[in-house]
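One letter stands for each residue in the lines below.
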Amino acid sequence: MSLVLNCKKISKYFGKYQVIKNLDFQLFSGQILSILGTSGCGKTTLLRLISGLEELDKGEIVINSKTMSSSGFHSPPDKRNIGMVFQNYSLFPHMNVFNNIAFGLKNFNKKDKENRVKEVLEITRLEEFVNRYPQELSGGQQQRVALARTLAPKPTIMLLDEPFSNLDAFTRTAMLADLQKIIRDSKISTILVTHDREEAFATSDYLAVMVNGGIVQFDKPDVVVRSPINIDVATLVLNCGFLEGIINNGVLNTTIGNFSFKTLGLNNTEIGDGKVDVLIKPEDFNLAYDPNGNFKVISIEFRGMYSMVQVQSINHGFLLKFIYNQKEQLWNIGSNVNLIKSNTDPLIVYRRI
Amino acid sequence: MNLDFSFKKLPPTYITLIVIFIIFIMLLPLLYLLMRVIDVNPEILNIFFSMNYLYIIIRSLLLMVLVSLITLFIALPLAWINVRMVLPLPNVWAVLLSLPLVIPTYVGAFIYSSLLGPKGVLQDLLEVLFGVNKLPDIHGLFGATLVLSLLSFPYLFLILKSSITNLDSTLIESSRLLGYGPTKTFFKVSLPQLRPSIIAGTLFVSLYTLSDFGAVSLMRYNTITWAIYQQYQSIIDRSLISLISLALVFIAVIILFVESRFRSKSKYYKIGTGTSAKHKKTDLGIWKIPVIFLFSSIVFVSLILPLSVLFFWLIRGLLAGESLMFIWVLIYNSLLLSIVTSIATVFFAMCMAIVLVRYNLAINKYLEIISLAGYVLPGVVVAISLVYFGINFFGFIYQTKILLIIACVILAFPVALGNSKAVLLQINPEIEDSAKLLVKNYWSVIIYILIPIMKTGLIMSLAMVFLLTMKELPATLILGPLGFETLATSIWNSASEAYFARAAAPALCMIFLSLLPLILLMKAEGKSEIV
């Protein structure tokens, strides 16, 4: 696996506001990287910097061992061979599907052009729509055309900006599987940007969690989910809440009991005594009726095989969703409940900064 | 006015009556032309088909094509640079480049002929400096083209500016990412997207030029409108006028037809939802200075120069003892005419728009075509036809302001209608229904929901009609009651006899009176861009 993209300590300012802060990461050939972050965290700007649509203020972007952006140099987007699928697909409304896809194949002769378009039409299963205009296609089909148009010139890197945000839930699920297969088959290194954790997990080899213009955690998706490095990452990748806890002589005290705990990157002894935030995941707990409990049942949704129960922490305000599949329940909406630890795993705690 | 927009089969009676009235007055000019043409005898036909009239038509077409092309070449680069390039004070430039719109063409014509014509200011200056005592005459095609181009490019500029602003910039970015440089991207992606508004804008300028009376008459360039006016004043037999007018209508209809063909074939509307990224402006680099120079020179020749010349004549006139007393009457008359016309036109347009937008009637298509009458008929023709009906059928309003206002309504109606339709389309009937469920009193729905939503659009309509009517000349000349003078007619009367100093004060008044609605219009447009 060779290094395709190397972002070295890149920064970008919009006026005085720093949108990208000293960001550092690498992408290897054939990899799919998802960047997960809330809106406004700078993920779209990062894609625009890589593609050359925005100029860099500090740092360096190297693509296939050629410097493309640095503080004094900017290679224009048309010289980078990077493909990008925009959130709104941005298909050319005055061209039919064939011409949209063939648009990027400007140095191909007629025969090669036709062959290549045919190839990507096959990959994206669009053969029957070749003569249609974009506005005559459904959202999912438009997206596949955008994908085909981007794939056709065989870009070094393909960038996808919130590719599913304009699709309905049903099409989204179908496209998620499709997209993954298309990317794998074409073997093009890909960066996908999203605010939806399921999309990020489903498609990627690596997951980068972006907060406030910086990458906070970069790892395989399952590692990130198992050990989110801080509260921001945990909030983004998990259905979770945080309780206040106090560590006293190596024991974690909380309002719902005393537990064993672990910290990420530190020994338990290193964290010392004092206040911490305790990560509460529904998977680790069961609900129990308790008139003096610290949680209140907000809603119960019957989902056929199970019920989805949402509870709210009375002291901290956060919400947790529990899957509940026992037949008997002693509580109703409005009842106070408590959380009972259902396994022996230590709870993850974060030191207060 | 009926503002209850829930879907029903037929509009309420009072709306129906108003629409019938609108259609009636819109049809009058067409009816007149047809009636006259039936009277045509072979002799008249011979005159009409003589080379003389053929030349007049060719001259009109030549002027139209020249002005359309020149305005396009001025307006497109200016609008593109203004929206997409880094330029100091872009909004100030946009306002300065739109302002020539308030200078009527006959004012522009007298300014340029007093400036560049024989015995004009430039020649005086050159005579003192270099002893030049003769300049080439600017009257004719050159003068008319110059004046109409410099004063009508703002229409195209505004239309193009708004469509360039709304251009989906990710299309341009996609093209860049697919390997095309900025120039190729402009021609392959941006220009095709702008084509509908280029066509619509050029069409507007063509029809504006075709129906212009002021500039061609003062520049003594013999076109169809000028010929019609001369015929009207000289001959009793009106069938020749009708033939010439029909020729003009015929040309206009062909242009409209070609435009609609282009529009229905094209597939240019925006697809997909979601936000299109904000425009990233390109740095001009070393081109900044030449571009600013270009912008300044256009603002200079189309705005600063005309205004300076007007002030020059004003001062010269005042020094020579011109009185300003009469001007108050002119201002009063002009304001009266413009305000009454604006309110009447917007009211009528709203009624028509309600029928077109909210009721799915079989005749809607025809109502829409008939409403375009004012677009294809020049003021001269509308006025002459109303004179005929005034004399023969409606003696009680002939020689009153009512007939004049009706003419102005016909001429401004298409503009107001387009706007009112857009306003109504913005109001989703569901908004209204949900409001009705929340409030019991329907008047509260009107006051708190509908009027706030429509306010901007209504102000825009009023301002547009005001601007058009303020400048309106031929209808006022022909239909104004005896002794009724407006700023427009006073300027034309003085300027056509080369009393430039006397024309300066009313011209300046008219420009300043037009500024307020123009500013309202640009503000309202800025607001609707945000929405």
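Everything below is about the structure printed above this text.
Now for a quick tour of the structure. (Residues numbered from 1 in each chain as written. Chains lettered and ligands numbered in written order. Predicted model: local features only at pLDDT ≥ 70, side-chain atom pairs only at ≥ 80, totals over all residues. Heavy atoms only, no water.)

## Some remarks on the overall build of chain B
Item 1. Looking only at helices and strands, one finds 23 helices and 0 strands in chain B.
Item 2. Principal-axis analysis of the C-alpha atoms places the extent of chain B at approximately 75 × 65 × 50 Å.
Item 3. When the 531 residues of chain B are sorted by exposure, 55% land in the buried category.
Item 4. In chain B, 83% of the contacts between residues at least 6 apart in sequence involve partners at least 24 apart.
Item 5. Total accessible area computed for chain B in this model is approximately 24200 Å², and 71% of it derives from carbon and sulfur atoms.
Item 6. Placing the 35 positive and 22 negative side-chain charges of chain B at their respective mean positions leaves the two points 9 Å apart. (Helix = DSSP H or I, 4+ residues; strand = E, 2+ residues; numbered from the N terminus. Buried < 20%, exposed > 50% of the residue type's maximum accessible area, 1.4 Å probe, protein only. Contact = heavy atoms within 4.5 Å. Areas by Shrake-Rupley, 256 points an atom, 1.4 Å probe, with all protein chains shown as cover. Lys, Arg positive; Asp, Glu negative; His and termini not counted. Charge placed at Lys NZ, Arg CZ, Asp CG, Glu CD.)

## Thoughts on the environment of B:Ala495
All names here are of chain B.
Item 1. Mapped onto the secondary structure, Ala 495 falls in helix H22 (residues 487–496).
Item 2. Note on Ala 495: relative accessible area 6%, which makes it buried.
Item 3. Spatially, the C-alpha atom of Ala 495 lies 19 Å from that of Gly 480, the residues being 15 residues apart in sequence.
Item 4. The residues contacting Ala 495, other than those within four sequence positions of it, are Phe 110, Leu 218, Phe 500 and Ala 503.

## A word on the nonpolar core
Item 1. Ranked by size, the top nonpolar core spans 182 residues in total, and within it B:Tyr106, B:Val107, B:Phe110, B:Ile228, B:Leu310, B:Met352 and B:Leu386 carry the most contacts.
Item 2. Grouped together as the second largest cluster of nonpolar side chains are 32 residues, A:Val85, A:Leu91, A:Val145 and A:Phe164 included. (Core = buried A, V, L, I, M, F, W, Y, C linked by side-chain atoms within 4.5 Å.)

## Let's talk about the state of the cysteines
Item 1. Tallying each qualifying case throughout the model produces 0 disulfides over all chains.
Item 2. A:Cys41 supplies the cysteine sulfur nearest to A:Cys240, a cysteine that is in no disulfide, at a spacing of 17 Å.
Item 3. On the accessibility criterion, A:Cys240 (13% relative accessible area) is buried.
Item 4. With no disulfide of its own, B:Cys408 lies 19 Å from the sulfur of B:Cys351, the closest cysteine sulfur. (Disulfide = S-S within 2.5 Å.)

## Focus: the packing of aromatic side chains
All names here are of chain B.
Item 1. By the definition in use, this model includes 29 aromatic pairs over all chains.
Item 2. Taken together, a centroid distance of 5.6 Å and an interplanar angle of 80° make the contact between Trp 93 and Phe 295 edge-to-face. With Trp 93 in helix H4 (residues 90–98) and Phe 295 in helix H13 (residues 288–319), this pair connects stretches of sequence that are 202 residues apart.
Item 3. Consider the rings of Tyr 155 and Tyr 208, whose centres lie 5.1 Å apart with planes at 55°: the pair is tilted. Here the residue Tyr 155 occupies a position in helix H7 (residues 141–165), and Tyr 208 occupies one in helix H9 (residues 182–210), the gap between them amounting to 53 residues.
Item 4. Taking the relative accessible area as the measure of exposure, Tyr 155 reaches 13% and is therefore buried.
Item 5. Taking relative accessible area as the criterion, Tyr 208 reaches 18% and is therefore assigned buried.
Item 6. One aromatic cluster in this structure is built from Tyr 32, Tyr 388, Phe 389 and Phe 393. (Phe/Tyr/Trp six-rings, centres within 6.5 Å; stacked < 30°, edge-to-face > 60°.)

## Looking at the sheet that holds strand S4 (residues 58–63) of chain A
Sheet strands associate in pairs through backbone hydrogen bonding, adopting either a parallel or an antiparallel arrangement.
All names here are of chain A.
Item 1. Read across the open sheet, the 4 strands follow the order S2-S1-S4-S5; overall the sheet is antiparallel. This sheet does not close on itself; its edge strands, each paired only once, are strand S2 (17–28) and strand S5 (66–70). Ignoring which end each strand starts from, the neighbouring axes of this sheet average 20° apart.
Item 2. Here 8 bridges tie strand S1 (residues 3–14) to S2, and the two strands are oriented antiparallel to one another. Directly across from Asn 6, in S2, lies its bridge partner Gln 26. (Pairing = 2+ DSSP bridges. Axes fitted to C-alpha atoms, helices over the stretch in contact; angles between N-to-C directions.)

## Points about the interface of chain A and chain B
Item 1. On the side of chain B, 27 residues touch chain A, which itself brings 28 residues to the contact.
Item 2. Of the roughly 2600 Å² buried between chain A and chain B on both sides combined, carbon and sulfur atoms contribute 61%.
Item 3. The interface formed by chain A and chain B holds 2 salt bridges in total.
Item 4. Ionic pairing is found between B:Arg176 and A:Asp78, a salt bridge with its closest N-O pair at 2.6 Å.
Item 5. For the side of chain A that touches chain B, the class distribution of residues is 14 nonpolar, 8 polar and 6 charged. (Buried area = accessible area lost by both parts, 1.4 Å probe. Salt bridge = Lys/Arg side-chain N within 4 Å of Asp/Glu carboxyl O. Nonpolar A, V, L, I, M, F, W, Y, C, P; charged D, E, K, R; others polar.)

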